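Inside the fold
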Amino acid sequence: MDTEKHHIIVDEILELASISAGKARTELAPFSPQQVIENLLLRHHLQAERKGLELRAQLAPELPNLLIGDAKRLSRILDNLLKNALALTRHGYIGFSAAVHQRYRGGVSLAFAVQDCGSGEPAEGEAQLALDLGALDAEAINSSPGLGLALCKALVTLLGGEIWCDGVPGLGNTFTFRLPFGDAAAAGSEAAKGAARRHPGFNGERVLLAEDNPFNQQVACALLERSGLSVTLAQNGAEAVELVARCDFDLVLMDVQMPVMDGLAAAREIRQLSKPGMAELPILAVSANAMEHDVRASLVAGMNDHLCKPFTPDSLYGCIAQWLGKGAPGTVARSAVAGAGTAAFAQVVIPVDFEAGVRLTGGNAELYRDLLARFRQEYGARGEEVRRELALGNRQEATRLAHSVKGVAGVLAAFPLHGAALRLESALKGDDDAELLLEDFQAELSRALAYLREHGDAPRE
């Protein structure tokens, strides 16, 4: 058994044991369901292609942009169901769908379905779902369906939902589950505007922000300062290490991907400094990547937590409050709040969501308008810049350029562009042919710029 699979099995056994013992606690925070879904589809699409299978996805256009729930556990449920479908399907396709099942005051129930082209014996699928930790033998634990499906049932139940299996012998099974979520939009923009007031405990604590992207710098500094924190800015990891060595800080927000020295290397160096207190200094990773291996890499490097960007004011303040000892344990938010559906559904999403963008900048419409203006001035030629670097053989620089657009698009709530940049960056990091994804990226960039020219600035406060 390879090391990665071993770690996954251990994680799942521990999670299942925690749920069985009644010790599991949910982590509720704002998140984008489109972002969770897209990350999973990107990963499993490549695995399906290797097996000669098609991954068909249907995302209902009415899916909310922003929900409140446990994004990490939703991702684990979907990941296990897709793994199971891939393991059982030898030819044909894997089907995936997400839709609104029911709306109610302050919330919404979503229905997810994963279809395989396996044996189609529903009794077999239901039996796997019904297994508990005590009933799992060594064969079930090491098989794809056994442990994974048992954990899916436990997680769905923990989150207040239901899951079942329907099958047609010889044609395949469909695993369907429904989960309730809070509707973040129902809370209204006033909740976002008042986020700073809900964390009144900040009183000049010194925060080092290590971030190289000017857009992210501007947003993060504005949110941090308006909440009562004192902010010092580092442009890269090496500068962050130097500042920590010379000055005293109460907390460090460390971007993971930076020039000169990345955040992981910087965190390791800070922990090795001879200066007193370095072992206890809270260092929070800030990253647009939210997969389990990304979080694990941050923790192994010496970080205390992993905050995904673009973040909401609530998720940022809540995470900082916990590590400064001003928040309740276990309430840290790690969820990103931007993302697009798959490429097939990008056309039903508006290019730039002004209301979401204002929420992401803490209700500061003036700041958001400034960012939109900078975006129009500085990023209009980014697609051609990526193409030029690829033609020169500079794949690493092209990846960096795509990554920068992904971060900016997330902050601006340009969801389709964010998704296109994410797909392009993922392809550039590997050995995949990025030509079609680059065309998609350029099309979404042009679409976002045209939308801004047509509709003007964000609404005023």
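Now for a look at the structure at hand. (Residues numbered from 1 in each chain as written. Predicted model: local features only at pLDDT ≥ 70, side-chain atom pairs only at ≥ 80, totals over all residues. Heavy atoms only, no water.)

What follows concerns the sheet that holds strand 9 (residues 230-234). A sheet is described by the order of its strands in space; here five strands give the open sequence 9-8-10-11-12, paired in parallel fashion. Both outer strands of the open sheet, strand 9 and strand 12 (305-308), are each paired with one neighbouring strand and no more. Pairs of neighbouring strands in the sheet enclose a mean axial angle of 25 degrees, with direction left out of account. Direction of pairing for strand 11 (residues 283-287) relative to strand 12: parallel, over a ladder of four bridges. For Val286, the partnering residue across the bridge sits in strand 12 and is Leu307. Here helix 10 (residues 263-272) sits on the sheet in contact with strand 10 (251-255) and strand 11, set at roughly 150 degrees to strand 10. (Pairing = 2+ DSSP bridges. Helix = DSSP H or I, 4+ residues; strand = E, 2+ residues; numbered from the N terminus. Axes fitted to C-alpha atoms, helices over the stretch in contact; angles between N-to-C directions. Contact = heavy atoms within 4.5 Å.)

By the secondary structure assignment, Thr399 is in helix 16 (residues 395-412). For Thr399, a relative accessible area of 9% puts it in the buried group. In contact with Thr399, other than residues within four places in its own chain, are Glu425, Leu428 and Lys429. (Buried < 20%, exposed > 50% of the residue type's maximum accessible area, 1.4 Å probe, protein only.)

Moving on, we get to unusual backbone geometry. Despite not being glycine, Val260 has its phi angle at roughly 70 degrees, a positive value. Within the secondary structure, Val260 is located in the loop between strand 10 and helix 10.

Turning our attention to the nonpolar core. Among the nonpolar cores identified, the biggest contains 56 residues, and Leu253, Leu316, Ile320, Val352, Phe375, Leu417 and Phe441 are the most heavily contacted of them. No other element matches the eight residues that helix 16 contributes to this core. Not counting the four nearest positions on each side in its chain, Phe375 is found in contact with Phe215, Gly380, Val408, Leu412, Leu417, Leu445, Leu449 and Leu452. Counting 44 residues, the second largest nonpolar core, distinct from the first, contains Leu53, Phe112, Val156 and Phe177. (Core = buried A, V, L, I, M, F, W, Y, C linked by side-chain atoms within 4.5 Å.)

Spatial relationships are all this shows, so hold off on functional conclusions.
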